[in-house]
Amino acid sequence: MKLNKLNLKQTLKLLEKKEISLEELYDDIFQAIEEKNKELNIYLYVNKKALEQAKKMINFPLKGVPVAVKDNFLTIDMPTTASSKVLENYYPQYESTVTKRLISSGGVIIGKTNMDAWAHGSSTETSDFGTTKNPRNSVYSPGGSSGGSAAAVAANMAIASLGTETAGSIRQPASWCGVVGLKPTYGRVSRYGVIAMGSSLDCPGPITKTVEDAAILLKYIAGKDENDSTTSSLPVKDYLKFLNKSIKGFKIGICYFDLPQLKDSQVNQSIKKAAEVFKSLGVQVDYLQTSEKLEQNKVISPKYAIGVYTVVQRGEVSSNLARYDGIRYGKGREFFGAEAKRRVMLGIFGLSSFLKKEELVYKRAQRVRTLYIKNFKQLFKKYDVLISLTSPSYALKIGSSASSPMFGELQDMLAEPSSLAGICGISVPCHHDKKTNLYLGLNIMGDYFQEEKILQVAHVFEKSIVL
Amino acid sequence: MRYKPIIGMEVHVELKTLSKMFCGCKNDPFEAKKPNIYTCPVCLGLPGALPVANKKAIDWTLKLGLALNCQINYLSKFDRKHYFYPDLPKGYQISQYDLPFCYNGFIKTNDGVVRICRVHLEEDTGKLIHTTVNGEKVSLVDFNRSGVPLIEIVTEPDIYSSSQAKEYAKKLYQIIRYLDISEADMEKGQMRLEANVSLIKEDSCQLPEYKVELKNINSFRFLEKAINSEIKRQIEILEKGKTPAQETRGYNAEKNQTFSQRSKEEAQDYRYFPEPDIPPIKITNQWLKAIKKELPEDIFSRLLRWQKDYQVRSEFVENLFETSLQADWLEKVFQNMRKAGLDSGKLVNLILHKKIKVNLFQDQPEKLVDIFKKQTVIEDVSDDQLKGIVKQVLKENPKAVEDYKKGKTTVINFLYGQVLRVLKKKVEFERVKKIIEKTN
């Protein structure tokens, strides 16, 4: 077996037992990159010194395993572009907290992965350096914006990877590439040194081959960071300890199954399939109706989340991109792509006070956002976790997003309410279409800082589901 | 027609915390040996950098707010204020919009109460330097000042004259120095005065529909002069039946004239929104209690009390100290003086006129009683002894005597000094003067 196909846990175990060497591991990784990167366009930059660096890490917990990192994490010795021409060849002066923690735990950055430019998109098609192709079927998109990181794992070009999610950007590409993607609670993982998109939403997290791998990586990157005031000082739990506990007696609520867009679709069958799996494990499963307003034991329609998310995120984008003026670093504003410009304009609109009669659009959006928070808080009083499909469809064909500027939003619709609320969620494969070799993901959402619970449920599910 | 000025003030003050407002960089832009040495990803606005608020700066803002009789917002937050300028590296300034730390305060002036509507905390910008490098005109940016904590104190339009504006600004300066939270050196821009000036007809009580913002004022004297010259300018316009333009004007001290800098006809939209990188700040009772405990007695009440308790006049003693620690030292001195039955008022005058040798704020306060006694108590000298010495001095200084005879009477001070030098004792000037006059 090729060693690049190993998951993180297996790799660590085999390295520990000295049954494999780092040289062998990296040979296979580099070979996979050599063979497929040109076609799939996963890495924008490959770290040629990775093996050399890995050898110094063998006594650290992560033992020098190669981890792919989305190109919006600042990395000192590697360019960081956020897939935008504005930052082409930009070498950061400092290292992001997450990659710093990854490296100090023994991880090695094997390369920087392609993404939607500035993370604006759900397909990597807005990247100024070309789209990434889905390794499962290269006619299809890998999803995004962390499409490169999800594809790197699916293509076995890395043992695991890091992505960032603002709304769906970890879970949706994980779903489309048939891997596991974990979006931690907002504030669980530091944003310091991550190129900001929607600051009140952004959240770095792992993309891995298994749920257990996600638990391993999360442990090393999570926790309070003095450089990020929005990180929580709650202690980081030993997530692995929870994985093999039974979920018998758990209560699970199913969300969004009754959305008009999904009701009769083929993909909705897989949520029923998941429900049956959970029932067989002794879990109480309730189908929660979607409601137009805040009601007990019902889920507020995600359609409002699209509007809220659009205004909030675009507003923050317009502010966060203001620093890229080309005066101190990077190229000038004329290098911004069409999507970034569109988002800045829309963001500025939402923050402008010229519509004096009305409440500031941004402010109203934030108030609706609070409704989603209340809704989740109520639901988590009753349910251990909530589940839904991660994406309302399988991976779409490359090119199908170009015609619709709202493409990303429709795709991310299922993730947006939970992202706006800031709760944690994990996408785990729940169905495999043999004909296209494409996957669907199950989105398991948990209460604030209860990553151990979603990992526990996802782990049991992963072991029990027949794809 | 007669007009009356309506003036509101905005004052910016740089806090002298050790580190900057949102990062750990040294806050010392004026002593920096080179440009851009006190910088980091945060104050340079590099990608991915995040601000972390300086607790001390918040403490000091609350302190100032309390000293200005303000109410405190128990839930406060920072906001982003967007505008483009090369000295603003993030494209926005982290400031406070609708929930400033402090609001609804006041300062009393002789001409009435000036209400303070808000005291908020923000960050300073970098500095543009326009110069020539290798024969090419360039604009350079120094970010040493970028992110220095900056307090803004805004009044209601409660000021009705240039002298009241000056008094307000001076009192504010006194309070800031007393709390020792800023050097407030206006030459260095550590305290920046802005006055919003407009005129209404004397019998009107409506706010005028325009306002002119005066900037670049770096002393209290210039504040008064700038406002006066601006009032004159506006009267001339109004007399012609026109309305002065809404604009920002600078002040040229040499010409004693204000000049237009920037039109403000269209209100700029700063697109304020809550700073998502810094969670809202809850000011707990415990926190506020700790601040109140540190807060010294109000400076103006203290000066009044001193007048009553120690008979020292405020207008004199206030020139002697700045910080509350210095005031504490003086208070101890006055207490000792009172115990010894000595005149603190006289001591204050002697110190102000440098007629007494003391190490201000350094000597043990108890020692001042002795120093005062030694240097002021007149010693017993007989008339004969004094006459003898005067004769000797006059003999030794024939040139001075000649000058005196020619009518240069100031020479007498010199001769008095010479007498004291020989005598090695202190005698009254008038007594020596009489003997000198008689001897001639």
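Residues numbered from 1 in each chain as written. Chains lettered and ligands numbered in written order. Predicted model: local features only at pLDDT ≥ 70, side-chain atom pairs only at ≥ 80, totals over all residues.

Brief notes about the interface of chain B and chain A
Phase 1: The interface is formed by 23 residues belonging to chain B together with 32 residues belonging to chain A.
Phase 2: Every element with two or more residues in the side of chain B that touches chain A is listed here: α1 (41-44) and β4 (79-82) of chain B. (Contact = placed C-beta atoms within 7 Å. Helix = DSSP H or I, 4+ residues; strand = E, 2+ residues; numbered from the N terminus.)

Topic: the pairing of strand β6 (residues 102-109) of chain B
The side chains of a regular strand alternate between both faces of the sheet.
Residues and elements named next belong to chain B.
Phase 1: Of the strand pairs in this sheet, strand β2 (residues 71-72) and β6 are connected by two bridges, and their pairing is antiparallel. Following the sheet pairing, Gln-71 is matched in β6 by Tyr-103.
Phase 2: Hairpin connection, β6 to strand β7 (residues 112-123): the antiparallel pair is bridged by two residues. (Pairing = 2+ DSSP bridges.)

A closer look at the domain arrangement of chain B
Phase 1: When cut into domains, chain B gives domain 1 (3-282), domain 2 (296-376) and domain 3 (383-439).
Phase 2: Its C-alpha centre places domain 1 of chain B at a distance of 57 Å from the equivalent point of domain 3 of chain B. (Domains from an automatic or database assignment.)

Considerations on the packing of helix α12 (residues 398-405) of chain B against helix α13 (residues 411-423) of chain B
Residue and element names in this part refer to chain B.
Phase 1: With their axes 9 Å apart at the nearest point, α12 and α13 run at an angle of 145 degrees to one another. As for how α12 packs across α13, the hand of that crossing is left-handed. Every residue of α13 that contacts α12 at Ala-400, Asp-403 and Tyr-404 is listed here: Val-411, Ile-412, Phe-414 and Leu-415.
Phase 2: Taken together, the residues of the contact of α12 with α13 break down into six nonpolar, no polar and one charged. (Axes fitted to C-alpha atoms, helices over the stretch in contact; angles between N-to-C directions. Left-handed = near helix turned anticlockwise from the far one by under 90°. Nonpolar A, V, L, I, M, F, W, Y, C, P; charged D, E, K, R; others polar.)

Comments concerning the sheet that holds strand β6 (residues 203-208) of chain A
Residues and elements named next belong to chain A.
Phase 1: In space, the eleven strands of this open sheet follow the order β1-β3-β2-β4-β6-β5-β12-β13-β11-β7-β8, with mixed pairing throughout. Both edges of this open sheet fall to β1 (43-46) and β8 (284-287), since each of them pairs with a single strand only. Averaged over all pairs of adjacent strands, the angle between strand axes in this sheet comes to 25 degrees, irrespective of strand direction.
Phase 2: By the bridge criterion, three bridges tie strand β7 (residues 251-254) to strand β11 (residues 385-389) in an arrangement that is parallel. Residue pairing across strands places Ile-252 opposite Val-385, the latter belonging to β11.
Phase 3: Packed on one face of the sheet, helix α5 (residues 147-154) meets β2 (66-70), β3 (108-113), β4 (160-165), β5 (180-183) and β6 and runs near 160 degrees to β4.
Phase 4: The strands that helix α9 (residues 268-280) touches are β7, β8, β11, β12 (424-433) and β13 (438-446); relative to β12, the one it contacts most, it runs at about 110 degrees.

Quick look at α13 of chain B
Phase 1: The terminal C-alpha atoms of α13 of chain B lie 19 Å apart, and with 13 residues this matches the ideal 18 Å at 1.5 Å per residue to within 8%.
Phase 2: Lys-424 of chain B sits one or two residues past α13 of chain B and shows a positive phi near 60 degrees. (Expected span 1.5 Å × (residues − 1).)

Topic: the nonpolar core
Phase 1: Val-67, Ala-158 and Ile-444 of chain A are the most contacted members of the largest nonpolar core, which has 141 residues in total.
Phase 2: Here this core gets eight residues from one element, more than from any other, and that element is helix α7 (residues 211-221) of chain A.
Phase 3: Look past the residues within four positions of Ala-158 of chain A in its chain and what remains in contact with it is Ile-29, Pro-66, Val-67, Ala-68, Ile-110, Ala-152 and Val-153 of chain A.
Phase 4: If you look at the next biggest cluster of nonpolar residues, it comprises 58 residues, including Tyr-192 of chain A together with Val-13, Tyr-38 and Leu-62 of chain B. (Core = buried A, V, L, I, M, F, W, Y, C linked by C-beta atoms within 7 Å. Buried ≥ 20, exposed ≤ 12 C-beta atoms within 10 Å, placed from the backbone.)

Quick notes on the sheet that holds β7 of chain B
Residue and element names in this part refer to chain B.
Phase 1: Strand order in the open sheet formed by nine strands is β2-β6-β7-β10-β1-β11-β12-β13-β14, and the pairing between neighbours is mixed. The strands lining the two open edges of the sheet, one partner per strand, are β2 and β14 (257-263).
Phase 2: Examined bridge by bridge, β7 and strand β10 (residues 149-155) share seven bridges and lie antiparallel to one another. By the bridge assignment, Val-119 is partnered in β10 with Ile-153.

Some words on the environment of Val-381 of chain B
Residue and element names in this part refer to chain B.
Phase 1: Here Val-381 lies in the loop between α10 (367-376) and α11 (383-396).
Phase 2: With 15 C-beta atoms counted inside 10 Å, the residue Val-381 sits in the partly exposed group.
Phase 3: With 306 residues separating them along the chain, Val-381 and Leu-75 place their C-alpha atoms 71 Å apart.
Phase 4: With sequence-adjacent residues up to four places away left out, Val-381 is seen in contact with Leu-386, Leu-423, Lys-425 and Val-427.

Remarks on the pairing of strand β12 (residues 212-217) of chain B
Residues and elements named next belong to chain B.
Phase 1: In this sheet, β12 lies alongside strand β11 (residues 191-201) in antiparallel orientation, the contact comprising four bridges. The partner of Val-197 across the bridge, within β12, is Val-212.
Phase 2: Summarising the sheet, β12 and strand β13 (residues 247-252) pair through three bridges and their orientation is parallel. Paired with Glu-213 across the two strands is Thr-248, which belongs to β13.
Phase 3: As a crossover connection, the stretch from β12 through helix α4 (residues 220-239) into β13 is left-handed. (Right-handed = clockwise from strand over helix to strand, strands pointing away.)

Considerations on the packing of helix α3 (residues 162-179) of chain B against α4 of chain B
Residues and elements named next belong to chain B.
Phase 1: The N-to-C vectors of α3 and α4 enclose an angle of 155 degrees; their axes lie 8 Å apart at closest approach. When the interaxial angle is binned, α3 and α4 end up roughly antiparallel. Between α3 and α4 the crossing geometry is right-handed. Taking contact as the criterion, the partners of Ser-162, Ser-163, Ala-165, Lys-166, Ala-169 and Lys-170 in α3 are, on α4, Phe-220, Leu-223, Glu-224, Ile-227 and Asn-228.
Phase 2: Its residues placed into classes, the contact of α3 with α4 shows five nonpolar, three polar and three charged. (Parallel < 35°, antiparallel > 145°, perpendicular 65-115°, else oblique.)

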